[in-house]
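Single-letter residue listing:
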Amino acid sequence: MIAKLPVLQSVYDQSFNVQISDQTYTFRFRYNQTEKDSNDNGAWYCYLGLLGEDPKVKFKLVVGMDLLAPWRGYEEIPFGVLYVYDKDLTYGRPGKNNFYTDGRFPVIYADLV
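Attention in this report is confined to the structure presented alongside it. Keep in mind that this is a model prediction, so the values were computed, not measured. (Residues numbered from 1 in each chain as written. Predicted model: local features only at pLDDT ≥ 70, side-chain atom pairs only at ≥ 80, totals over all residues. Heavy atoms only, no water.)

### Some points on the pairing of strand β7 (residues 107–111)
Here is step 1 of the chain: With 3 bridges connecting them, strand β1 (residues 2–4) and β7 associate as antiparallel partners. The partner of I2 across the bridge, within β7, is A110.
Here is step 2 of the chain: Bridge analysis of strand β6 (residues 80–84) against β7 gives 5 bridges, and the strand direction is antiparallel. Residue pairing in the sheet places V81 in a bridge with A110 of β7. (Pairing = 2+ DSSP bridges. Helix = DSSP H or I, 4+ residues; strand = E, 2+ residues; numbered from the N terminus.)

Now the structure itself:
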């Protein structure tokens, strides 16, 4: 399975469930505007865990790396890869208003098989 996650535009704290293999996971994306970079952008964070349970992990959404790699062995984390892709190919940082499914920074999940 390869899928763009359903991230909504201009919703700065959102949760949704995704079925992967035989499990359903809850993804929560939250914008933290107090954490600023040199361009005065905040940062997006992901909270991830099994449906109905507290999130197992929290991590910053950054471009260019498999965001699930550090937690590959946890049962509560899907066995796949998660990337934030920069459509402009400049490896920028997802900002407040350009991070959504059809925006500059979509989130892509793919199973490892």
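### Some points on the pattern of salt bridges
Here is step 1 of the chain: Under the criterion given, the structure shown has 6 salt bridges.
Here is step 2 of the chain: In this structure, D88 engages R104 in a salt bridge whose closest nitrogen and oxygen atoms are separated by 3.2 Å. Placement of the pair is D88 in the loop between β6 and β7 and R104 in the loop between β6 and β7, with a sequence separation of 16 residues.
Here is step 3 of the chain: The exposure class assigned to R104 is partly exposed, which follows from its relative accessible area of 25%. (Salt bridge = Lys/Arg side-chain N within 4 Å of Asp/Glu carboxyl O. Buried < 20%, exposed > 50% of the residue type's maximum accessible area, 1.4 Å probe, protein only.)

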